[in-house]
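What follows is each chain in one-letter form.
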Amino acid sequence: MTNIKMNLVPIEKWGISDQSPLIISGPCSAETLEQVMQTARDLVKNTPQVKVFRAGIWKPRTRPNSFEGVGIEALSWLQKAKAETGLLTSVEVANANHVYEALKHGVDILWIGARTTVNPFSVQEIANALKGVDVPVMVKNPINPDLQLWLGAIERIHQAGITRLGAIHRGFSSGQNGRFRNAPQWKIPIELKRLLPDLPMICDPSHICGKRDLLLEVSQKALDLAMDGLMIEAHPNPNEAWSDKAQQLTPDALAELLGQLKLRKPEGDELSVDFLSLFRDEIDLIDLEILDTISKRAKVVEKIAEYKREHKMTILQVSRWDEILKDRMATAEKLGLDEKFSKELYQQIHLMSIRIQTKVMNTKVSV
Ligand code: PEP
Ligand code: MN
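The following refers to the structure shown. Not measured: the values here are computed from a predicted model.

## Remarks on the coordination of the manganese ion (ligand 2)
- Taken together, the protein ligands of the manganese ion (ligand 2) are Cys28 (SG), His207 (NE2), Glu233 (OE) and Asp244 (OD), with distances of 2.0 to 2.4 Å.
- By relative accessible area, which is 9% here, histidine 207 ends up buried.

## As for the site of ligand 1
- The environment of ligand 1 is made up of Cys28, Arg54, Lys59, Glu92, Trp111, Gly113, Ala114, Arg115, Lys140, Arg170, His207 and Glu233.
- In this structure, an oxygen atom belonging to ligand 1 sits 2.8 Å away from a side-chain N or O atom of arginine 115.
- Contact with the protein chains hides 97% of the accessible area of ligand 1, taken as 300 Å² for the molecule alone.
- Of the residues in the shell around ligand 1, the class split is 3 nonpolar, 2 polar and 7 charged.

## Here we look at the pattern of salt bridges
- Under the counting rule described, the total for this entry stands at 17 salt bridges.
- Here lysine 82 makes a salt bridge to aspartate 108, at a shortest N to O gap of 2.9 Å. Residue lysine 82 is located in helix α2 (residues 73–85), and its partner aspartate 108 is located in the loop between α3 (96–104) and β4 (109–112); the two are separated by 26 residues in the primary sequence.
- Here glutamate 323 makes a salt bridge to arginine 320, at a shortest N to O gap of 3.3 Å. Separated by 3 residues within a single helix, glutamate 323 and arginine 320 lie in helix α12 (residues 318–334), roughly one turn from each other.

## Some points on the state of the cysteines
- This model, assessed by the stated rule, comprises 0 disulfides.
- Cysteine 203 carries a free sulfur, and the closest cysteine sulfur to it, the one in cysteine 209, is 7.9 Å from it.

## Section: the packing of aromatic side chains
- Overall, the coordinates contain 2 aromatic pairs when judged by the stated rule.
- Ring centres of tryptophan 150 and phenylalanine 172 lie 6.4 Å apart, and the angle between their planes is 75°; this geometry places the pair in the edge-to-face category. With tryptophan 150 in helix α6 (residues 147–159) and phenylalanine 172 in the loop between β6 (165–169) and α7 (187–195), this residue pair connects regions lying 22 residues apart in the sequence. The same class applies to tryptophan 150 as to phenylalanine 172, namely buried.

## Observations concerning a nonpolar patch on the surface
- On the surface, Leu271, Phe275, Leu276, Leu278 and Phe279 cluster together into a nonpolar patch covering about 550 Å² of accessible area.
- Relative to the helices and strands, leucine 276 is located in helix α11 (residues 272–310).

## Description of empty space enclosed by the protein
- Under the definition given, this model contains 1 cavity of 30 Å³ or more.
- In this structure, the largest cavity spans a volume of roughly 30 Å³.
- Around the largest cavity, the lining residues are Ile11, Glu12, Ile16, Ser17, Gln19 and Leu22.
- Looking at the lining of the largest cavity, its residues break down into 3 nonpolar, 2 polar and 1 charged.

## Regarding the side chain of lysine 140
- Mapped onto the elements of the fold, lysine 140 is located in strand β5 (residues 137–140).
- Once residues lying within four places of it in the same chain are set aside, the contact partners of lysine 140 are Trp111, Ile112, Gly113, Ala114, Thr117, Trp150, Ile168, Arg170, Asp204, His207 and Met231.

## Concerning the nonpolar core
- Val91, Trp150, Ile154, Ile157 and Leu192 are the most contacted members of the largest nonpolar core, which has 71 residues in total.
- Element by element, the count of residues in this core is highest for α6, at 6 residues.
- For valine 91, the residues in contact, after removing those within four places along its chain, are Ala55, Ile57, Trp58, Leu75, Leu78, Ala102, Val107, Ile109, Leu110 and Trp111.
- Of all hydrophobic cores here, the second largest spans 14 residues; its members include Ile16, Val52, Leu88 and Ile202.

## Let's talk about the packing of helix α1 (residues 33–46) against helix α10 (residues 251–260)
- The contact between α1 and α10 brings their axes to 9 Å, and the two run at 30°. Once α1 is placed against α10, the crossing between them reads as right-handed. Only Pro251, Asp252, Leu254 and Ala255 of α10 make contact with α1, whose side of the interface consists of Thr39, Asp42, Leu43 and Asn46.
- Taken together, the residues of the contact of α1 with α10 break down into 4 nonpolar, 2 polar and 2 charged.

## Concerning unusual backbone geometry
- In the segment running from serine 20 into proline 21, the intervening peptide bond is cis, with an omega of -5°.
- For alanine 226, which is not glycine, the phi torsion reads 65° and is therefore positive.
- Along the chain, alanine 226 turns up in the loop between α9 (215–224) and β8 (229–233).
- According to the relative accessible area criterion, alanine 226 is partly exposed, its value standing at 36%.
- A positive phi is found at aspartate 244, a non-glycine position, where the angle reads about 50°.
- If you trace the backbone, aspartate 244 turns up in the loop between β8 and α10.

## Points about the pairing of β5
- Every second residue of β5 is oriented toward a common face, with Val137 and Val139 on one face and Met138 and Lys140 on the other, all of them buried.
- In this sheet, β5 lies alongside β4 in parallel orientation, the contact comprising 3 bridges. Its bridge partner lying in β5, isoleucine 112 is registered against valine 139.
- Bridge count for β5 against β6 is 4 bridges, and the pairing is parallel.

Cut-off values and rules
- Residues numbered from 1 in each chain as written.
- Chains lettered and ligands numbered in written order.
- Predicted model: local features only at pLDDT ≥ 70, side-chain atom pairs only at ≥ 80, totals over all residues.
- Heavy atoms only, no water.
- Donors = N, O, S within 2.8 Å, 3.2 Å for Na, K, Ca; no water.
- Buried < 20%, exposed > 50% of the residue type's maximum accessible area, 1.4 Å probe, protein only.
- Near = heavy atom within 4 Å.
- Polar contact = N/O pair within 3.5 Å; in protein donor to acceptor, adjacent residues only side chain to side chain.
- Areas by Shrake-Rupley, 256 points an atom, 1.4 Å probe, with all protein chains shown as cover.
- Nonpolar A, V, L, I, M, F, W, Y, C, P; charged D, E, K, R; others polar.
- Salt bridge = Lys/Arg side-chain N within 4 Å of Asp/Glu carboxyl O.
- Helix = DSSP H or I, 4+ residues; strand = E, 2+ residues; numbered from the N terminus.
- Disulfide = S-S within 2.5 Å.
- Phe/Tyr/Trp six-rings, centres within 6.5 Å; stacked < 30°, edge-to-face > 60°.
- Patch = residues over 30% accessible without salt bridge, like charges linked within 9 Å, V, L, I, M, F, W, Y side chains within 5 Å.
- 1 Å grid on protein atoms, 1.4 Å probe; cavity = no way out; pocket = protein on both sides within 12 Å on 5 of 7 lines; lining within 4 Å.
- Points joined across faces, edges and corners; volume = space filled by probe spheres on them.
- Contact = heavy atoms within 4.5 Å.
- Core = buried A, V, L, I, M, F, W, Y, C linked by side-chain atoms within 4.5 Å.
- Axes fitted to C-alpha atoms, helices over the stretch in contact; angles between N-to-C directions.
- Left-handed = near helix turned anticlockwise from the far one by under 90°.
- Pairing = 2+ DSSP bridges.

These figures come from the coordinates and say nothing about function on their own.
Here's what the structure looks like:
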């Protein structure tokens, strides 16, 4: 898929902050006026890097009868927090009414949550409510790892005339109990960035990790992948939070985390460029060799397929495949390659081989 044309404003020109990366923080949910004010005050005091305050007001909870946000009332709390601390404000909107209320109360940035991005009807309803309004909007990735759905939601909002538009990577639900609450699947935001290089990309390590101790690792990774900012949940007393207890940080702990992050630039320093171009030339050659080798392998596979066709053999001989996999994995291990990667690579190569053989087998032989 080739790059897509969109009229997008770079994040430094959103009129929010020219600081890079942009740091957004605040509680998962606004709970009380006191909690909102205390979080905002502590953030301004401890973490001058934070320029935007976040708080969920309408909370999409998985099960009913849990805390579903305080609703409209909290919008005036955000106004108070902004007036006192100067922090800009952001909230999640999930329908047209949320958009009207948030705008009426002067919220500075709107974001669309993962559970809303999955539904084109809801996204379109929000897009319609945004027509003629100039407000920054950020679209979280859908819960499921579907790049097209994420892209489609971004396109709908863009078609409504929003140009201060960004994406938030918050990981993808896998249904498995892995290390992360939502698996990062970095290749998806990287592909979105390739298709839309001008689209600001914020990472939300809180919802990726689901627990505090992974936040630094994921935040650093996001910055090393040239993401434009971080959205990290902070709460004055995380263990008592009404939602997402395990992943929220105190503003103090957030300050420590931000202090540990290493900031690098995509273009590096002056010296980096010369050396990098040498390494890149080397990589270009190696990649050429890899592709050339794969294509040579494919040609041998065709010959094997013709032989199997002539001798009425099945495409798959399980014992041979087992032998190949074991042998290649052992070699890969000796070469210091990652086990999971080597296995997936060989499964892909094998699938290609089966595809080629299926084609040859089904080709009519002229007599
Ligand atoms: C949130 O930001 O608190 C939230 C509900 O996130 P997500 O939409 O990523 O689940
Ligand atoms: Mn949350």
